[in-house]
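Residue strings, one per chain:
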Amino acid sequence: MESTCIASATIASAETSDTTTPSTSTTALADHMTAAEFDEAFTAAMPRLRRRLLALTGNPHDADDLLQETYLRLSRRARAHTLSRQQQPYAYTCAAALNLMRDLWRHPSRQERCTDRLPERGWDGGFAGREAEAVTAALLRGLSPKEAAAVILVDIEGLTHDMAGERLGAHRGTVQRNRMRGLAKIRAALAA
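Residues numbered from 1 in each chain as written. Predicted model: local features only at pLDDT ≥ 70, side-chain atom pairs only at ≥ 80, totals over all residues. Heavy atoms only, no water.

(A) Examining the overall build of the protein more closely. Helix and strand counts for the protein come out as nine helices and zero strands. Along the protein, from the amino end to the carboxyl end, the secondary structure elements read α-α-α-α-α-α-α-α-α. The proportion of buried residues among the 192 residues of the protein is 22%. Of the roughly 14200 Å² that the protein leaves accessible, carbon and sulfur atoms contribute 56%. (Helix = DSSP H or I, 4+ residues; strand = E, 2+ residues; numbered from the N terminus. Buried < 20%, exposed > 50% of the residue type's maximum accessible area, 1.4 Å probe, protein only. Areas by Shrake-Rupley, 256 points an atom, 1.4 Å probe, with all protein chains shown as cover.)

Structure follows, in structure tokens:
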């Protein structure tokens, strides 16, 4: 009992002194986790934490996102030497992950929103479009004129078989047969 009191008095007097000695600064650094120690502790807790987040979110993608965000948040603190050593690393990381999940619930603006608009494509100078046109033209050259016309009208322009038949002056069944033959030739050319 006396040794505990003496040790706590010694620590208290060292903390209240105005001059910082090298031993107190190393003690302060020793109380914080290094990045390597944090990585090791998080890797050990990760499978259990992922199972917990999966049970809470019900979605493996959301669980993985939360797991990654938890790692990034705590890793920044570990690399800045501001993350204290934890006696229960799983409990600490679990609390941090639950706080992140709660933040997402509180702030719906942070969540992803579904939309029917596609994101703008990156501009490559038109190279991909030109390449696709060249490949399409080469594949269509391998077809007879009737087959090529049926494929162009139905698959590229999006017309129905009846509308393509009206434009070509042919019956709907003829357009279907020519289209199917043309697509079979294109598949064979792509396989070769």
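Having seen the model, we can carry on.
(B) Up close: helix α8 (residues 161-168). Of the residues making up α8, those classed as buried are His161, Ala164 and Gly165. Looking straight down α8, one finds its buried side chains confined to an arc of 105°; they lie on one side. Along α8, exposed side chains directed more than 90 degrees from the buried face belong to Glu166 and Arg167. Taken from the residues just after α8, glycine 169 is the one with a positive phi, measuring 70°. (Arc of directions from axis to C-beta.)

(C) Highlighting the packing of aromatic side chains. Under the definition given, this model contains three aromatic pairs. An aromatic cluster is defined as three or more aromatic residues linked by ring pairs; in this entry it consists of Phe38, Phe42 and Tyr71. Directly above the ring of tyrosine 90 sits arginine 48, whose terminal nitrogen or CZ lies 3.8 Å from the centroid. (Phe/Tyr/Trp six-rings, centres within 6.5 Å; stacked < 30°, edge-to-face > 60°. Lys NZ or Arg CZ within 6 Å of the ring centre and 35° of its normal.)

(D) Main features of the environment of asparagine 59. Mapped onto the secondary structure, asparagine 59 falls in the loop between α3 (35-57) and α4 (60-79). A distance of 2.9 Å separates a polar atom in the side chain of asparagine 59 from the backbone nitrogen of histidine 61. (Polar contact = N/O pair within 3.5 Å; in protein donor to acceptor, adjacent residues only side chain to side chain.)

(E) Region of interest: the confidence of the model for the protein. The pLDDT averaged across the protein works out to 80; a share of 81% of its residues lies at or above 70. When pLDDT is averaged over each helix and strand of the protein, the minimum, 40, is found for helix α1 (residues 2-16) and the maximum, 94, for helix α9 (residues 172-191). For residues 1-28, every residue scores under 50 in pLDDT, and the model assigns this stretch one contact once sequence neighbours within four places are set aside. (pLDDT = per-residue confidence, 0-100. Contact = heavy atoms within 4.5 Å.)

(F) Summary view of the pattern of salt bridges. For the structure shown, the criterion picks out eight salt bridges. Here arginine 79 makes a salt bridge to aspartate 39, at a shortest N to O gap of 3.5 Å. A residue pair is termed long-range when its members are at least 10 positions apart, and arginine 79 in helix α4 and aspartate 39 in helix α3 qualify at 40 residues. Among the residues examined, arginine 79 registers a relative accessible area of 44% and is labelled partly exposed. Across the pair glutamate 147 and lysine 185 runs a salt bridge, and its minimum N-O distance is 2.9 Å. A residue pair is termed long-range when its members are at least 10 positions apart, and glutamate 147 in helix α7 (residues 145-156) and lysine 185 in helix α9 qualify at 38 residues. On the accessibility criterion, glutamate 147 (5% relative accessible area) is buried. (Salt bridge = Lys/Arg side-chain N within 4 Å of Asp/Glu carboxyl O.)

(G) The arrangement of unusual backbone geometry in detail. Although it is not a glycine, histidine 81 adopts a positive phi angle of roughly 60°. Note on placement: histidine 81 falls in the loop between α4 and α5 (89-106).

(H) How the structure looks around the side chain of asparagine 178. For asparagine 178, the position within the fold is in helix α9. Excluding anything up to four places from it in sequence, asparagine 178 contacts Lys146, Glu147 and Ala150.

(I) The arrangement of the packing of α7 against α9 in detail. Where α7 meets α9, the closest approach of the two axes is 8 Å, and the angle between their N-to-C directions is 95°. Comparing the axis directions of α7 and α9 gives the class roughly perpendicular. Of the residues in α9, those in contact with Lys146, Glu147, Ala150, Val151, Val154 and Asp155 of α7 are Val175, Asn178, Arg179, Arg181, Gly182, Leu183, Lys185 and Ile186. (Axes fitted to C-alpha atoms, helices over the stretch in contact; angles between N-to-C directions. Parallel < 35°, antiparallel > 145°, perpendicular 65-115°, else oblique.)

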